[in-house]
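So you can see what is in the structure, the chains are spelled out below.
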Amino acid sequence: MPVLRLRTASVAACLALAVPLGACGDKPPATPRAPAVATSAADAGGMAALTAAAKKEGSLNTIALPGDWANYGALIDGFQKKYGIKVTVENPEGTSQDEINALKEHRRDGRAPDVIDVGGSFAQAAARQGLLAPYEVAAYDDIPEEQKDHRARWSNNYGGYISIGCDAKRVKTCPATFADLRKPEYKGKVALNGNPTKSGSAVAGVYAAALANGGSFDDIQPGIDFFAELSRNGNFIPVESTPATIAKGQTPISIDWDFLNLGYADEFREKGTDVDWRTAIPFDGSFAQYYAQAVNKDAPHPAAARLWQEYLFSPEGQNLRLGAYARPVLMEAMEKDGTLDKAAAGKLPTVEGTPTFPTEAQREKARETVNRGWDEAVSG
């Protein structure tokens with residue numbers, strides 16, 4: 001058995017059974033460091049010590065974590081039940097930029113988020129600004145190199161593909177590609193999940209549109225031009241797409257992550273909502289991205305913040321992601337060590353090829369281009 005599999009399996013067993021890591025071969029340091037400066041569970045004295053410190057804090061501040069996003073409702077419930085730590089969620093429908101703003105605005109008043117969940121370019125920006133604390137979860141070595149910061153200030157946790165969701169009860173023929181969205185029949189129907197100057201998912205939608213229209217990871221401008229064209233012809237509407245706007249018929253076509261669109265379909269069926277929500281991954285603009293987790297450098301609850309990271313990267317946390325169609329960053333490692341929920345994995349939509357990702361420099365360039373040109377191009 002490869003060494004990688006042996007290490008992964010032992011870590012998985014420790015986290016799944018809530019066994020202190022020290023009991024599984026993770027020897028605590030002779031002099032444990034305070035959670036606020038610990039760069040791993042072992043550095044804090046082992047999982048038992050970190051868990052005890054987190055329980056003593058008793059709270060975890062989070063922000064912009066709606067319950068229907070990548071199964072955060074179940075993740076929060078699971079964390080609270082397992083550890084008895086109360087999780088508060090400020091501004092559930094907030095954006096990645098709102099999260100970074102909150103880190104700055106409440107830096108030392110005890111109200112700041114302990115942790116953030118943001119798009120890749122936003123995580124990199126926060127790291128450059130010195131807002132994040134280095135922290136390696138137990139499964140850190142199994143996270144692909146391109147999915148984590150080399151200084152462990154952030155690590156991707158889950159992701160998906162940009163997709164086109166459509167209410168077949170309000171749209172006669174649902175679009176399957178970005179090219180389809182130009183058709184006159186979709187006038188007043190096409191929306192994004194937010195404004196791309198603030199929202200990571202919306203930026204990804206623009207990136208996907210760029211790839212479908214002659215752009216590249218180095219050139220997102222064709223994506224901006226595409227939405228400017230849709231805005232001029234009346235197809236694109238500047239309304240943030242949510243389950244509520246979909247149910248009301250305001251946004252019958254939504255460009256969003258596949259895990260969200262697929263989750264909305266389940267939600268509408270369970271509630272008996274008069275919506276026939278269907279999802280297509282456009283082959284002309286295939287774009288995948290993962291969302292990063294990070295610890296606030298000045299977290300009011302530093303131990304709980306780090307324990308939350310361990311939970312999100314544990315087999316339990318990763319399989320909960322998968323249960324909501326989000327692709328766990330540790331999926332390959334978990335498949336090898338037997339901890340992956342195969343039934344849930346089998347429900348993921350089929351995609352062609354191996355996903356590629358823009359570099360940090362490319363993402364930052366794209367973000368700057370969007371911030372500089374979106375409002376004028378799309379809003380006039």
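Provided above is the structure to which this section pertains.
Described in the following lines is the structure provided in the data block. The model shown is predicted, which means the values in this text are computed figures rather than measured ones.

With respect to the packing of aromatic side chains
Phase 1: Applying the stated criterion across every chain yields a total of 21 aromatic pairs.
Phase 2: Considering the side-chain rings of W257 and Y291, the 5.8 Å spacing of their centres and the 85° angle between planes classify their relative orientation as edge-to-face. Linking W257 in strand β7 (residues 253-257) with Y291 in strand β9 (residues 288-296), this pair joins segments that are 34 residues apart in sequence.
Phase 3: The buried category is assigned to W257, whose relative accessible area is 0%.
Phase 4: Since its relative accessible area comes to 3%, Y291 is described here as buried.
Phase 5: One aromatic cluster in this structure is built from W69, Y158, W257, F259 and Y291.
Phase 6: Above the face of the Y140 ring, K148 is positioned so that its terminal group lies 4.2 Å from the ring centre.
Phase 7: Directly above the ring of Y72 sits R321, whose terminal nitrogen or CZ lies 4.3 Å from the centroid.

Notes on the pattern of salt bridges
Phase 1: Counted under the stated rule, the structure contains 17 salt bridges.
Phase 2: The salt bridge involving R128 is made with E364; its shortest N-O contact spans 2.8 Å. Note that R128 is positioned in helix α5 (residues 120-128) and E364 in helix α14 (residues 360-379), a separation of 236 residues in sequence.
Phase 3: A residue is classified by how much of its surface remains accessible, and R128, at 45% relative accessible area, is partly exposed.
Phase 4: D266 serves as the salt-bridge partner of R269, at 2.3 Å between the closest nitrogen and oxygen. With R269 and D266 both in helix α9 (residues 258-271) and 3 residues apart, the pair spans about one turn of that helix.
Phase 5: For R269, a relative accessible area of 58% corresponds to the exposed category.
Phase 6: A network of salt bridges, in which partner residues are shared, links R128, E360 and E364.

About the cut-offs
- Residues numbered from 1 in each chain as written.
- Predicted model: local features only at pLDDT ≥ 70, side-chain atom pairs only at ≥ 80, totals over all residues.
- Heavy atoms only, no water.
- Phe/Tyr/Trp six-rings, centres within 6.5 Å; stacked < 30°, edge-to-face > 60°.
- Helix = DSSP H or I, 4+ residues; strand = E, 2+ residues; numbered from the N terminus.
- Buried < 20%, exposed > 50% of the residue type's maximum accessible area, 1.4 Å probe, protein only.
- Lys NZ or Arg CZ within 6 Å of the ring centre and 35° of its normal.
- Salt bridge = Lys/Arg side-chain N within 4 Å of Asp/Glu carboxyl O.

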